[in-house]
Amino acid sequence: MARKKRYLTATMADGYCKTIGPTAAPFSHFWRIVARLENGKTEVFWGHANSLKEATGKKVAAGEAARQRGWESFDFEVVELSDH
C-alpha cells in the first residue's frame, strides 16, 4: 500500500516559510545556507533530510563550499518540518 502524501512546512527564524509536497518521503528536517559573496550579493541553498543528524551534516559541506567558492561568510540553519 502506498504511503499517504502530505505537505510539510519549515518556518525559519527570520519568518521565511517553505512548503514541501505533496510527498510521501520521510523528511523530518529542513536546512538552509545563506552565503554572502565577495561582491555583496547572497546565494541561498536549501534541502530536506530524513533526520537531524543528516541535516546538520550539511554544515561541514557548507564550510568546504565556503572555502572553495570564496564566500565571505555564511549562515547555516536547520529546523524541524511540521506536517499539515
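Residues numbered from 1 in each chain as written. Predicted model: local features only at pLDDT ≥ 70, side-chain atom pairs only at ≥ 80, totals over all residues. Heavy atoms only, no water.

**Observations concerning the side chain of Thr9**
(1) Moving on: As for its position among the elements, Thr9 is in strand E1 (residues 6–11).
(2) Moving on: The contacts of Thr9, once residues within four sequence positions are left out, are Lys18, Thr19, Glu80, Leu81, Ser82 and His84. (Helix = DSSP H or I, 4+ residues; strand = E, 2+ residues; numbered from the N terminus. Contact = heavy atoms within 4.5 Å.)

**Observations concerning the pattern of salt bridges**
(1) Moving on: Taken as a whole, this structure holds 4 salt bridges when the rule is applied.
(2) Moving on: A salt bridge links Arg36 to Asp75; the nearest nitrogen and oxygen atoms lie 3.2 Å apart. Linking Arg36 in strand E3 (residues 29–36) with Asp75 in strand E5 (residues 73–80), this pair joins segments that are 39 residues apart in sequence.
(3) Moving on: Overlapping salt bridges, with partners in common, bring together Asp14, Arg32 and Glu77 in one network. (Salt bridge = Lys/Arg side-chain N within 4 Å of Asp/Glu carboxyl O.)

**Topic: the pairing of E1**
(1) Moving on: Note that E1 and strand E2 (residues 17–23) share 5 bridges and pair antiparallel. The residue bridging Thr11 from the neighbouring strand is Cys17, located in E2.
(2) Moving on: In this antiparallel pair of consecutive strands, E1 and E2, the connection spans 5 residues, and Gly15 shows a positive phi of 95°.
(3) Moving on: In this sheet, strand E6 (residues 82–83) lies alongside E1 in antiparallel orientation, the contact comprising 2 bridges. Among the inter-strand pairings, Thr9 is bridged to a residue of E6, identified as Ser82. (Pairing = 2+ DSSP bridges.)

**Re unusual backbone geometry**
(1) Moving on: Between Gly21 and the following residue, Pro22, the backbone shows a cis peptide bond with an omega angle of 5°.
(2) Moving on: Residue position: Pro22 is located in strand E2.

**Let's talk about the nonpolar core**
(1) Moving on: Among the nonpolar cores identified, the biggest contains 11 residues, and these are Trp31, Ile33, Ala35, Leu37, Ala49, Ala55, Ala62, Ala65, Ala66, Trp71 and Phe76.
(2) Moving on: With residues up to four places along the chain from it excluded, the contact list for Leu37 reads Glu43, Trp71 and Glu72.
(3) Moving on: Among the nonpolar cores identified, the runner-up in size contains 8 residues, and Ala10, Ile20, Phe27 and Leu81 belong to it. (Core = buried A, V, L, I, M, F, W, Y, C linked by side-chain atoms within 4.5 Å. Buried < 20%, exposed > 50% of the residue type's maximum accessible area, 1.4 Å probe, protein only.)

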